[in-house]
Every structure is written in structure tokens, then in C-alpha cells.
Amino acid sequence: QVPLVESGGGSVQAGGSLRLSCAAGSGDIGSSTCMAWFRQVPGKEREGVARIASDGSIRYADSVKGRFTVSKDFRNFTLYLQMNSLKPEDTSVYLCAARTAYCSATTDFFDVAYDYWGQGTQVTVSS
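This section reports on the structure supplied with the text.

### Re the environment of tyrosine 116
Here comes step 1: Secondary-structure assignment places tyrosine 116 in strand 10 (residues 116-117).
Here comes step 2: Using a relative accessible area of 29% as the deciding quantity, one classes tyrosine 116 as partly exposed.
Here comes step 3: When the C-alpha atoms of tyrosine 116 and alanine 97 are compared, they prove to be 5.5 Å apart, with 19 residues separating the residues in sequence.

Quick look at the structure:
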């Protein structure tokens, strides 16, 4: 069973919008105390984009502040990422992640801190 399944990726022009979804494969994973979105391009390290804690607190990477919005439906354990004003440099594979440990400012955007991962969804932004 895949822990997390992303959907909603696609191709858009610069300035466009996409909404990504991440469905948890089980309630145990979906109720994780810390869930996040990362992105990765070939040959580069995974980059933390946004994370949301079980108390609803949110943190964003500087590169997406004001453009991306992370949210979570705590009833059906689904994580979302609304991406607006997309730029070509946002082109990447987007992955969602979850962990049982609490969110922490020191580890939020370290991929090794997460226990569960999805397979990713491709987002391509053309200029």
C-alpha cells in the first residue's frame, strides 16, 4: 500500500495556477502530526516547500511565500497545495511527506525527517 498518493500536477503557463492533492493511504498516516510538500528536479536535492502541523500552524519556504497555500482536510486526511502565480522555476516533481514526530522549525524542510512519502506529481510551468 502506497503511503501517500499525489495528484493534480500538469502543465501550465507562467502566471497560471494548479492545485495539488495528497491522499493518505491510511488514517494512521493521514493523522500524522506533521505533513509537508517538497519538490525535486533531477540532479538536485529535495526542497521543502510548505508544511502544516496537526495544530494547523503553517510554514512556507521563502521562494513560495505569497503564492502557494497549504491546507489539510483533517476529516479525510488529505493534504492540498494551491499554487498561484506559477513561475518556470517552479517546474519540478512535487512530493508530499508525513511524519509522526512533531513539526519543528529546525527539521521541517529536511527530507530525512519524514517517515512516509508519495511518488510525486510533475508540475511544468512554461514561459
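### As for the packing of aromatic side chains
Here comes step 1: By the definition in use, this model includes 3 aromatic pairs.
Here comes step 2: Aromatic pair phenylalanine 38 and tyrosine 114: ring centres 5.4 Å apart, planes at 80°, arrangement edge-to-face. Taken together, the positions of phenylalanine 38 in strand 4 (residues 34-40) and tyrosine 114 in the loop between strand 9 (92-99) and strand 10 put the pair 76 residues apart, joining distant regions of the chain.
Here comes step 3: Its relative accessible area of 6% is what places tyrosine 114 among the buried residues.
Here comes step 4: Centroid distance tyrosine 114 to tryptophan 117: 6.2 Å. Interplanar angle 70°. Geometry classified as edge-to-face.

Parameters at a glance
Residues numbered from 1 in each chain as written. Predicted model: local features only at pLDDT ≥ 70, side-chain atom pairs only at ≥ 80, totals over all residues. Heavy atoms only, no water. Helix = DSSP H or I, 4+ residues; strand = E, 2+ residues; numbered from the N terminus. Buried < 20%, exposed > 50% of the residue type's maximum accessible area, 1.4 Å probe, protein only. Phe/Tyr/Trp six-rings, centres within 6.5 Å; stacked < 30°, edge-to-face > 60°.

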